[in-house]
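# Fold and contact review
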Amino acid sequence: MTDVIALGEVMLRFDPGEGRIHTARSFQVWEGGGEYNVVRSLRRCFGLRTAVVTALADNAVGRLVEDLVLQGGVDTSLIRWVPGDGIGRGARNGLNFVERGYGIRGALGVSDRANTAVSQLRKGDVDWDAVFSGPVRWFHTGGVFAGLSDTTLDVADEAMAAARRHGVTVSYDPNYRPSVWAGRGGADRAREADLRLARHADVVVGALGLAGSHPGASRLTADEVPDALAAVARLLPGARVLATTLREVPSAGVNDWSAAAWSAETGLVTGPRMPGLHVLDRIGSGDGFAAGLVYGLLTGADLEQALAYGTAHGALVMTTPGDVSMATLAEVEALVAGGSAHVRR
């Protein structure tokens with residue numbers, strides 16, 4: 001049995017550390033991708049059995065991505081390998097250059113991901129009935145993958161519908177990226193895609209991305225969150241859980257961090273408040289939140305406890321470099337229980 005499968009792109013992340021992309025002479029290399037980060041965390045931090053459905057060009061760069069995924073413990077048997085042509089004319093692997101930011105200088109991501117192997121996936125390329133006959137307990141995908149091309153939107157729709165047919169719990173994260181949708185209809189097109197896909201979802205992470213007229217249309221105050229989640233619930237009557245992170249950014253290195261969720265059974269639930277959270281690298285924290293939430297719900301926790309797992313894990317992801325989690329379950333549980341940063345010997 002596989003606990004959780006994700007559908008998404010896995011890129012190489014190039015990290016200049018404390019420096020800038022445009023002046024760097026060396027980079028630390030990680031793997032990362034919005035949907036992949038969730039199953040990577042669920043494997044390494046939470047101990048669940050996970051896999052990723054993606055596509056890579058079969059060359060040395062693609063094999064480096066595979067090696068990093070293997071180190072993360074995620075099953076690679078569902079990777080679709082596309083023959084390389086020597087220079088990436090037909091298909092290539094995605095790259096992501098990321099500055100962490102510091103003080104008044106915010107984080108910066110510069111992606112190089114057009115025409116990647118995974119962006120060329122089409123309906124029918126993956127036998128989803130075979131994938132979900134494992135059996136599988138949970139399926140996760142999101143708006144980053146769906147926005148890569150017109151065909152990936154169709155693939156996500158196909159996969160989510162198949163998961164529902166097989167009785168698999170489905171989660172979706174809108175995860176709007178302006179760079180992904182630039183030249184392809186922008187925020188309005190992204191919202192259309194999100195509403196099309198989120199109708200398949202039992203759990204919507206980042207649900208505030210569906211509030212307002214389009215993604216990023218407005219910034220909500222804490223007092224506005226309950227009404228906004230209620231409005232999203234009316235748009236998605238089939239969703240059982242809506243969840244969102246809540247973040248204020250006084251500086252790149254200090255964030256106020258919390259979360260909220262809604263279900264028909266509980267109404268609004270709020271997560272632990274972590275004001276003045278010191279941040280080393282915020283990239284991937286939303287995916288870390290999603291992983292903790294999924295873990296809680298999969299293991300039978302109530303929504304308040306699952307939300308606490310997500311909030312704590314997302315916070316810990318921000319204390320280490322790279323997209324992926326380096327936290328342990330013991331650290332997450334200690335933080336949920338009110339633990340401190342005192343030295344452990």
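Note: the structure precedes this text.
Thresholds applied
- Residues numbered from 1 in each chain as written.
- Predicted model: local features only at pLDDT ≥ 70, side-chain atom pairs only at ≥ 80, totals over all residues.
- Heavy atoms only, no water.
- Helix = DSSP H or I, 4+ residues; strand = E, 2+ residues; numbered from the N terminus.
- Rg over C-alpha atoms; globule rule 2.2 N^0.38 Å.
- Buried < 20%, exposed > 50% of the residue type's maximum accessible area, 1.4 Å probe, protein only.
- Contact = heavy atoms within 4.5 Å.
- Areas by Shrake-Rupley, 256 points an atom, 1.4 Å probe, with all protein chains shown as cover.
- Expected span 1.5 Å × (residues − 1).
- Core = buried A, V, L, I, M, F, W, Y, C linked by side-chain atoms within 4.5 Å.
- Salt bridge = Lys/Arg side-chain N within 4 Å of Asp/Glu carboxyl O.
- Axes fitted to C-alpha atoms, helices over the stretch in contact; angles between N-to-C directions.
- Parallel < 35°, antiparallel > 145°, perpendicular 65-115°, else oblique.
- Left-handed = near helix turned anticlockwise from the far one by under 90°.
- Nonpolar A, V, L, I, M, F, W, Y, C, P; charged D, E, K, R; others polar.
- Polar contact = N/O pair within 3.5 Å; in protein donor to acceptor, adjacent residues only side chain to side chain.

This part is about the overall build of the chain. Regarding its fold elements, the chain presents 11 helices and 14 strands. Relative to the 2.2 N^0.38 estimate, which gives 20 Å for 345 residues, the radius of gyration of the chain is 19 Å and therefore close to what a compact globule would have. Taken over the C-alpha atoms alone, the chain extends approximately 50 × 50 × 40 Å along its principal axes. Counting the 345 residues in the chain, one finds 54% classified as buried. Considering only contacts in the chain between residues 6 or more positions apart, those separated by 24 or more positions represent 70%. When the accessible area of the chain is evaluated, it comes to approximately 14,900 Å², of which 50% is carbon and sulfur surface.

This paragraph deals with helix H7 (residues 186–198). Given a rise of 1.5 Å per residue, 13 residues ought to cover 18 Å, and the 18 Å separating the end C-alpha atoms of H7 matches this to within 8%. In the core, the buried residues of H7 are packed alongside helix H4 (143–146), helix H5 (150–165), strand S9 (169–173), helix H6 (178–181), strand S10 (203–205) and helix H8 (225–235).

Here the focus is helix H10 (residues 303–317). Taking 1.5 Å of rise per residue, the 15 residues of H10 would be expected to cover 21 Å, and the 21 Å separating its terminal C-alpha atoms lies within 8% of that figure. Most of H10 sits inside the fold, with 13 of its 15 residues counted as buried.

Counting 50 residues, the largest nonpolar core has Val-4, Tyr-36, Leu-42, Phe-46 and Val-332 as the members making the most contacts within it. Excluding residues within four positions of it along the chain, Val-4 makes contact with Val-39, Leu-42, Leu-48, Arg-49, Thr-50, Ala-51, Trp-138, Val-294 and Leu-298. With 49 residues, the next largest nonpolar core counts Phe-145, Val-155, Ala-162 and Ala-207 among its residues.

Inspection of every chain in the model, using the stated rule, returns 22 salt bridges. Among the ionic pairs, Arg-189 bridges to Asp-150, the shortest N-O distance being 2.9 Å. Of this pair, Arg-189 sits in helix H7 while Asp-150 sits in helix H5, placing them 39 residues apart in sequence. Note that Arg-196 is salt-bridged to Asp-157, the shortest N-O span being 3.0 Å. Of the two residues, Arg-196 sits in helix H7 while Asp-157 sits in helix H5, which places them 39 residues apart along the sequence.

On to the packing of helix H1 (residues 34–44) against helix H9 (residues 285–298), then. The relative placement of two packed helices is expressed as an angle between their axes plus a distance between the axes. At a minimum axis distance of 8 Å, the contact between H1 and H9 shows a crossing angle of 50 degrees. Here H9 runs oblique to H1, going by the angle between their axes. The crossing of H1 and H9 is right-handed. Between H1 and H9, the contacting residues are Gly-34, Asn-37, Val-38, Ser-41 and Leu-42 on the first element and Asp-287, Ala-290, Ala-291, Val-294 and Tyr-295 on the second. Within the contact of H1 with H9, the residues separate by chemical class into 6 nonpolar, 3 polar and 1 charged.

We now examine the environment of Arg-184. For Arg-184, the position within the fold is in the loop between H6 and H7. In this structure, the C-alpha to C-alpha distance between Arg-184 and Thr-319, residues 135 residues apart in sequence, is 35 Å. Discounting residues that sit within four places of it in the chain, Arg-184 has contacts with Gly-147, Leu-148, Ser-149, Asp-150 and Arg-189. A distance of 2.9 Å separates a polar atom in the side chain of Arg-184 from a polar atom in the side chain of Asp-150.

This part is about the packing of H9 against H10. Contact pair H9 / H10: the axes reach a minimum separation of 7 Å and the direction vectors enclose 150 degrees. By the angle between their axes, H9 is roughly antiparallel relative to H10. Pair H9 / H10 crosses with right-handed handedness. Between H9, through Ser-285, Gly-288, Phe-289, Ala-291, Gly-292, Leu-293, Tyr-295, Gly-296 and Leu-297, and H10, the contact on the second element is made entirely by Leu-303, Ala-306, Leu-307, Tyr-309, Gly-310, Thr-311, His-313, Gly-314 and Val-317. Classifying every residue of the contact of H9 with H10 by side-chain character gives 10 nonpolar, 8 polar and no charged.

What follows is about the side chain of Thr-169. Along the chain, Thr-169 turns up in strand S9. Among all residues touching Thr-169, those that are not within four sequence positions of it are Arg-137, Trp-138, Phe-139, Asp-202 and Arg-240.

Let's shift gears to the side chain of Asp-323. If you trace the backbone, Asp-323 turns up in the loop between H10 and helix H11 (329–336). Residue classification places Asp-323 among the buried residues on the basis of a relative accessible area of 8%. At 2.7 Å, the side chain of Asp-323 and the side chain of Arg-13 are in polar contact. In contact with Asp-323, not counting residues within four places along its chain, are Arg-13, Glu-31, Gly-32, Gly-33, Asn-37, Ile-283, Gly-284 and Val-317.

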